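# Commentary on secondary and tertiary structure
So you can see what is in the structure, the chains are spelled out below.
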Amino acid sequence: MRLSPRCIAFLAALSLLPVLHAPAHAVSRPELVFSAGSTFAVAGDPNGGGMSTGLAALWPAGDRAHFGVALSADDMGTDLGVLRDPHDGTPLGSVALGHRWVYGLAWRGDVAVLRGRRWQGTATGQWGWWRLEDDRRGALVHAGTSIGYSLGADVYRVLHGPQSMGLAVRYHHLFTDHSAPYRALDHYASVALAWRWAGSR
């Protein structure tokens, strides 16, 4: 499935309409969530995993829920081959044959399932757009877009003030076009350290 840049921008703007139309006194500062970790269990090729990063801005949507937008960038891994001497075939070392990464923009919703004084837990879900790119030593080879979702859970240790730090685990599923010229990516998982700033009410 292909989405134009205009369509992507429209989806992002649509997610912010409840905030933009709310009275000025009713709008809270968003909670900010930054995560950094690793991908694993990649159902595709390459599948060695790599760096995973995410950033989200979430506004209150009730007593226990938050809703907003999220950006993500996840490395799926690199295929390595053996570089050989063209004259006698002697192995000279490893060389990158192909690399894959995925980045996306999605709506995100969080629901608090644990709210203690020191520990907090949330169930989270995302639905949005992902871009898959294959490159060979920096040169783009194949690319495609996909609709997908993520499901996961976060556990946080409350720090000083509005800050908390914890662990975020995610399952990501992409509805990839298997007839496309690039190798499909169906799903993968990620685990990351997450920092959350609760903003102000």
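Preceding block: the structure.
Residues numbered from 1 in each chain as written. Predicted model: local features only at pLDDT ≥ 70, side-chain atom pairs only at ≥ 80, totals over all residues. Heavy atoms only, no water.

### Structural notes on the overall build of the protein
Here is the rule we go by: Helix and strand definitions follow DSSP, with helices as H or I runs of at least four residues and strands as E runs of at least two, each counted in order from the N terminus. Only protein chains enter the area calculation, which uses a 1.4 Å probe; residues under 20% of their type maximum are buried, those over 50% are exposed, and those in between are partly exposed. Here, two residues are considered to be in contact whenever any of their heavy atoms come within 4.5 Å of each other. Here, Shrake-Rupley sampling with a 1.4 Å probe gives the accessible areas, and only protein chains in the shown set may cover a residue.
Secondary structure summary: the protein contains two helices and eight strands in total. Expressed as a percentage of the 201 residues in the protein, the buried residues total 39%. Counted over contacts in the protein with a minimum sequence separation of 6, partners at least 24 positions apart contribute 58%. Counting every atom, the protein has about 11200 Å² of accessible surface; 64% of that belongs to carbon and sulfur.

### Digging into the pattern of salt bridges
Any two side chains of opposite charge can pair if their charged atoms end up close together. Here is the rule: Definition used for salt bridges: Asp or Glu carboxyl oxygen within 4 Å of a side-chain nitrogen of Lys or Arg.
Under the defined criterion, the tally for this structure stands at eight salt bridges. With a shortest N-O distance of 2.6 Å, glutamate 31 and arginine 196 are connected by a salt bridge. Placement of glutamate 31 in strand E1 (residues 31–40) and of arginine 196 in strand E8 (residues 187–197) is noted, with a sequence separation of 165 residues between them. The class of glutamate 31 is buried, set by a relative accessible area of 7%. Taking relative accessible area as the criterion, arginine 196 reaches 5% and is therefore assigned buried. Residues arginine 170 and aspartate 154 are paired through a salt bridge, measuring 2.6 Å at the closest nitrogen-oxygen approach. Here aspartate 154 lies in strand E6 (residues 139–158) and arginine 170 lies in strand E7 (residues 163–174), a separation of 16 residues in the sequence. We note that arginine 170, like aspartate 154, is buried. When salt bridges with common partners are traced through the structure, they connect Glu31, Arg108, Asp110, Asp154, Arg170 and Arg196 into a single cluster.

### As for the packing of aromatic side chains
The description of an aromatic ring pair rests on the distance of the ring centres and on the angle between the ring planes. Under the convention used in this document: Two rings from Phe, Tyr or Trp (for Trp, the six-membered ring) form a pair when their centres are within 6.5 Å of each other. A pair whose planes differ by under 30 degrees is stacked, one over 60 is edge-to-face, and the rest are tilted. Throughout this description, the term charge over a ring refers to an Arg CZ or Lys NZ atom that lies within 6 Å of the ring centre and within 35 degrees of the ring normal.
With the rule as written, the count across this model stands at five aromatic pairs. Between tryptophan 127 and phenylalanine 175, the ring centres sit 6.2 Å apart and the planes meet at 55 degrees, which makes this aromatic pair tilted. On the criterion of sequence distance, the pair formed by tryptophan 127 in strand E5 (residues 119–136) and phenylalanine 175 in the loop between E7 and E8 is long-range, its members being 48 residues apart. The structure contains a cluster of three or more aromatic residues connected by ring pairs, namely Trp127, Tyr149, Tyr171 and Phe175. Directly above the aromatic system of tryptophan 119 lies the positively charged group of arginine 157, at a separation of 5.8 Å from the ring centroid.

### Comments concerning a nonpolar patch on the surface
Our working definition: For patches, a residue must show more than 30% relative accessible area and have no salt bridge; joins then use 9 Å for like charges and 5 Å for nonpolar side chains, namely Val, Leu, Ile, Met, Phe, Trp and Tyr.
Together, Val111, Val113, Leu114, Trp119 and Val155 give the surface a local cluster of nonpolar side chains, amounting to about 460 Å² of exposed area. Examining the composition of the nonpolar patch, we find that three residues originate from one element, strand E4 (residues 91–115), more than from any other. By secondary structure assignment, the location of valine 113 is in strand E4. In this structure valine 113 comes out as exposed when scored by relative accessible area, which is 59%.

So far we have only geometry, and geometry alone does not tell us how the molecule works.
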